[in-house]
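Overview (structure and organization)
Residues per chain are reported as follows:
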Amino acid sequence: MTPTAEPAQVNHRATYREVLAEPRFRLLFSTRAVAITADALRITTFSVLVFSSTGSALLSAVAFGIGFIPQLFGSLLLGSLADRLPPRALITGGYALTCATALLLALVRMPVAASLGVVALVSLATPVFHGASSRLVAQSLEGDAYVLGRSLNNIAGAGAQLFGLALGGTAVAALGPRRALAVSAVLYLGCALAIRIRLPRLQPGEFGGTPGSAGGDGGAVRASLQGAGLLLRGRTVRRLMLAQWLPVALVAGAEGLIVAYAGELQFAPGWYAVLMGCLPVGMLVGDLLVGRLLRPRARERLVVPLVALAGLPLIGFAAEPGVGVSSCLLLLSGLGYAYGLGLQRPFLDALPQDGQGQAFGLLGSGSMTLQGVGPVCLGAVAAGIGTGGAIALAGGAVALTAGWILTWHPSASPLPVPNYSTGSENGTEQHACSSPAQ
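This report concerns the structure included in the present document.

Glancing now at the overall build of the protein. Secondary structure summary: the protein contains 22 helices and two strands in total. Within the span of the protein, comprising 438 residues, buried residues form 50% of the whole. Total accessible area on the protein stands at roughly 18,300 Å², and carbon and sulfur atoms take up 67% of it.

So, on to the packing of helix H7 (residues 87-107) against helix H8 (residues 112-123). Interhelical geometry of H7 versus H8 gives an angle of 175° and a closest axis separation of 11 Å. Viewed along their axes, H7 and H8 adopt a mutual orientation that is roughly antiparallel. Contact residues: Leu97, Thr98, Thr101, Leu104 and Leu105 in H7; Ser115, Val118, Val119 and Val122 in H8. Tallied by class, the residues present in the contact of H7 with H8 amount to six nonpolar, three polar and no charged.

Turning our attention to the packing of helix H14 (residues 235-255) against helix H22 (residues 387-408). Packing of H14 against H22 leaves a shortest axis separation of 8 Å and a crossing angle of 165°. Relative to H22, H14 is oriented roughly antiparallel. Crossing handedness for the pair H14 and H22: left-handed. For the pair H14 and H22, the contacting residues are Arg239, Leu240, Leu242, Ala243, Leu246, Pro247, Leu250, Val251 and Ala254 in the first and Ile391, Ala394, Ala397, Val398, Thr401, Trp404, Ile405 and Trp408 in the second. The class makeup of the residues in the contact of H14 with H22 is 15 nonpolar, one polar and one charged.

Here the focus is the nonpolar core. Most often, soluble globular proteins keep nonpolar side chains buried together rather than apart. Ranked by internal contacts, the top residues of the largest apolar core, which has 85 residues, are Tyr146, Met241, Leu330 and Phe347. Considering every element that reaches this core, the biggest residue donor is H14, with eight residues. Setting aside residues no more than four positions away along its own chain, phenylalanine 347 makes contact with Val237, Leu240, Met241, Gln244, Ala359, Phe360 and Leu363. Counting residues in each nonpolar core, the second largest holds 11 residues, with Ala63, Ile66, Leu105 and Leu181 among its members.

Looking at helix H5 (residues 70-78), one finds that the buried residues are Pro70, Gln71, Gly74 and Ser75. Within H5, the buried residues cover an arc of 145° as seen down the axis, which keeps them to one side. Elements in contact with the buried residues of H5: H8, helix H9 (126-140) and helix H21 (356-385).

A word on the side chain of serine 367. Counting through the fold element by element, serine 367 comes out in helix H21. Contacts of serine 367, omitting those with residues within four sequence positions, involve Trp245 and Val248.

Let us look at unusual backbone geometry. One non-glycine residue with positive phi stands out, namely glutamine 266, at about 55°. Tracing the backbone shows glutamine 266 in the loop between helix H15 (258-264) and helix H16 (271-293). One non-glycine residue, glutamate 320, lies in the positive phi region at around 50°. Locating glutamate 320 in the fold gives a position in the loop between helix H18 (303-315) and helix H19 (323-335).

Take the environment of methionine 283 next. You can see methionine 283 is positioned in helix H16. The exposure class of methionine 283 is partly exposed, given its relative accessible area of 25%. When the C-alpha atoms of methionine 283 and alanine 310 are compared, they prove to be 9.9 Å apart, with 27 residues separating the residues in sequence. The contacts of methionine 283, once residues within four sequence positions are left out, are Gly334, Leu335 and Tyr337.

If you walk through the whole model with that rule in mind, you get seven salt bridges. Residues arginine 297 and glutamate 300 are paired through a salt bridge, measuring 3.2 Å at the closest nitrogen-oxygen approach. With arginine 297 and glutamate 300 both in helix H17 (residues 296-301) and three residues apart, this pair spans about one turn of that helix. Among the salt bridges present, the one from arginine 345 reaches glutamate 300, with a minimum N-O distance of 2.5 Å. Placement of the pair is arginine 345 in helix H20 (residues 341-349) and glutamate 300 in helix H17, with a sequence separation of 45 residues. The pair arginine 345 / glutamate 300 is uniform in exposure class, with both members buried. A cluster of three or more residues bridged by salt bridges with shared partners is formed by Arg297, Glu300, Arg345 and Asp349.

Thresholds, definitions, all that
- Residues numbered from 1 in each chain as written.
- Predicted model: local features only at pLDDT ≥ 70, side-chain atom pairs only at ≥ 80, totals over all residues.
- Heavy atoms only, no water.
- Helix = DSSP H or I, 4+ residues; strand = E, 2+ residues; numbered from the N terminus.
- Buried < 20%, exposed > 50% of the residue type's maximum accessible area, 1.4 Å probe, protein only.
- Areas by Shrake-Rupley, 256 points an atom, 1.4 Å probe, with all protein chains shown as cover.
- Axes fitted to C-alpha atoms, helices over the stretch in contact; angles between N-to-C directions.
- Parallel < 35°, antiparallel > 145°, perpendicular 65-115°, else oblique.
- Contact = heavy atoms within 4.5 Å.
- Nonpolar A, V, L, I, M, F, W, Y, C, P; charged D, E, K, R; others polar.
- Left-handed = near helix turned anticlockwise from the far one by under 90°.
- Core = buried A, V, L, I, M, F, W, Y, C linked by side-chain atoms within 4.5 Å.
- Arc of directions from axis to C-beta.
- Salt bridge = Lys/Arg side-chain N within 4 Å of Asp/Glu carboxyl O.

This is the structure in structure tokens:
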């Protein structure tokens, strides 16, 4: 246990330049941005390939989302490996595995069911690789630099995803879907080589693992289930995970209705794309403003207002506004996504050192799963009350989530940290991890 940082250190505002000056983070950041580009290219191209083979819109949609939901099961069953195996081997192996998957889809003409099964099976391991990378970032950046590192990852991730979608359309048109999949495989291979060559091989004590601990008592699956249960039983960690999951899932559900909303209101062709672009633009601007201009304590105090900002504009869709007003409402909602920056330090501080990798994997896989479930649920609601009403309902639910967060996160005061040795919580101002104070 390490003592809480002094107030001056806690409120120190880092800069993006400081964050990018850290070599280990710079390597992980750059390879992750390339990998997200490859992910977007692979996912969209695979969806196109399935549609061209079957002519089924349903199977094409399944191909688009098949890699998301299994991640939660992978985190629950294998998540402990992110803390027990050397990160260089895990991250390199993750990129190599996705490279092999893309090559397999590109070169082998499998039945659609088999190709979907391959993608789903590989996605089970995704939280392990991502958890190891996130854990390494948390150990590489101190204090506010960690929060800005997450901000940079958010910004680069959104940009890389948009670029990957554009690259996918271009590559499919120029090369065809199978060769476009091969392009994504080349990008993954570049990431794997960069990590293997440039990331040093850490000893067990440097990343928190212990020799031979991958098997643990009863194997990795049992250890993963026990670790996930321990994390989710802690009230502080559970609340912070839900606070990062729910608003994003609800807004993603609303985003999934934009195309149908534009169709119902008979907007001119192409305007749905403009509307869908407003949310990521707002997210980029919000992350830049909140991350660069505000001090850590100010970000934490603004968590509840920013969550409310993510939800309240969506309520305006109940009036079924036109293109101009709808664009402004979505842009404002996107600005509210920056609320997550105010939760990064408390979340990291609440984690046990030997469970950080699994916690980050669970956080990411849970978010991905709920973002896949959200559109389905709201789509069912829209069938009864219309898309405008369903989007407004999602906004109201986000606003209610802000009220719930207010009941336990009213200010920037330190949150109680779980006592993992007893499974209870205490009110001491100490960190549950020995990483640098955040």
